[in-house]
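# An overview of the molecular structure
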Amino acid sequence: MRLRDIELRIVRMPLRSPFRTSFGVETEKVALLVRVRGDLRGPGGDRVETGGWGECVAMEEPLYSAEYVAGAVQVTRDFLAPRLFAAGDAVTAERVGPLLAGVVGHRMAKAAVEMAVLDAELRARGVPLAEHLGAVRDRVPSGVSVGIQPSVPELLDVVAGYLDEGYVRIKLKIAPGWVLEPVRAVRERWGDDLLLQVDANAAFTLADAPLLQRLDELGLLLIEQPLAEDDLVQHAELARMLRTPVCLDESVVSARAAADAIRLGAARVINVKPGRVGGYLEARRVHDVAVANGVAVWCGGMLETGLGRAANAALAALPGFTLPGDVSASSRFYETDLTRPFVLEDGHVAVPTGPGLGVEPVPELLAEWTSWRQVLSP
Ligand SMILES: CC(=O)N[C@@H](Cc1ccc2ccccc2c1)C(=O)O
Ligand SMILES: [Mg+2]
């Protein structure tokens, strides 16, 4: 594919309710969207116009990881786009990674560019992303991530609401001071059959092991990222002290990191997030590494718009995704989604069947929520 231009947009979408985690409270989603346009040689040898969308999952502030929206904009404008324009007609989704390898890090920014090129290629070929990735299901079970609430009674009301909507798994955010009481209250209200897990977003240290060991009595599916992103060895040490399986999120930044975490015994489950690992093609490699080692994966979420949600649903349909993920309905976070809404049907989200991502931004909403835009040309 030859890229004619790369459009960068920052969109700001109000969240239905504040989302509190151990690293802060979010009331709005700010995302960098990437759109590529260009042409590629069609099956008959003729040039075919095409275009595609990518969504960068970096937050506005570097609270979840080191990347952030303004940084992703700058690295894409100044370092990633020039490398792709310089590649002329040789840009393919598989080549985006190698073409950008000279730029160190910035995986979320790279993932958004690769996603846009992949969407453009697949739209031109009429192939759905799910088919391209190797999906084996046409719908995926939907879990929900529940933020820290002002009180335990309010938490129980929020969880009751999601269970009434049909979510098949509950994930509770935990943080120092919000651990045993809320999690025990949910377990006691809904009993042992409720699929229940927690996510600390790296809020604890090994000194907290005695507290985290007490979660073992609550029959959790897993405890997600209890320690810091770069604490692989400590996670392995903690894993040996817990019965509850340790799941890593922030720490798994590539298939190589997944292999290291598994070999060290730092992860028995992996939360796969395409943006965090550098793209959907690397996310499939993480899936393959995990499956080869008997480690379960599930698809995490970064409050994506329907663009990223569509791609995550496709990824979550791969065979190794054996645990319900955070691919929730659009309504979990948004009154109105940027694309057609993803809805919960019998606890599942349908995998898109159209070419590429299978969804597009609604033009009027894209215009309304775009706070900044720039078109890059060769
Ligand atoms: C669904 C879920 O819990 N996601 C992340 C945390 C998270 C929380 C808040 C966010 C706000 C804006 C963008 C990304 C965000 C990611 C996680 O699994 O650790
Ligand atoms: Mg997480």
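See the structure shown above.
Below: a short report on this structure. (Residues numbered from 1 in each chain as written. Chains lettered and ligands numbered in written order. Predicted model: local features only at pLDDT ≥ 70, side-chain atom pairs only at ≥ 80, totals over all residues. Heavy atoms only, no water.)

## Focus: helix α3 (residues 107–125)
End to end, α3 covers 26 Å across 19 residues, agreeing with the expected 27 Å (1.5 Å per residue, within 8%). When you tally the buried positions in α3, you get 15 out of 19 residues, the bulk of the element. One or two steps after α3, the chain reaches G126, where phi turns positive at roughly 70 degrees. (Helix = DSSP H or I, 4+ residues; strand = E, 2+ residues; numbered from the N terminus. Expected span 1.5 Å × (residues − 1). Buried < 20%, exposed > 50% of the residue type's maximum accessible area, 1.4 Å probe, protein only.)

## Concerning the pattern of salt bridges
For the structure on display, the rule yields 23 salt bridges. Measuring nitrogen to oxygen at the nearest pair gives 3.2 Å for the salt bridge that ties D5 to R37. Within this pair, whereas D5 is found in strand β1 (residues 2–21), its partner R37 is found in strand β2 (residues 24–41), the two being separated by 32 residues in sequence. Taking relative accessible area as the criterion, D5 reaches 8% and is therefore assigned buried. Assessed through its relative accessible area of 27%, R37 is described here as partly exposed. D78 is the salt-bridge partner of R77, the closest N and O atoms lying 2.9 Å from each other. Among the ionic contacts, a cluster of salt bridges with common partners joins R169, K171, K173, D199, E224 and D326. (Salt bridge = Lys/Arg side-chain N within 4 Å of Asp/Glu carboxyl O.)

## Remarks on the coordination of the magnesium ion (ligand 2)
Within the protein, the atoms that donate to the magnesium ion (ligand 2) are D199 (OD), E224 (OE) and D249 (OD), at distances of 2.1 to 2.2 Å. If you list the donors of the magnesium ion (ligand 2) from N- to C-terminus, the spacing comes out as D-x24-E-x24-D. Of the two residues, E224 sits in strand β8 (residues 223–224) while D249 sits in the loop between β9 (246–248) and α9 (255–264), which places them 25 residues apart along the sequence. Across the pair, D249 and E224 agree in class, each one buried. (Donors = N, O, S within 2.8 Å, 3.2 Å for Na, K, Ca; no water.)

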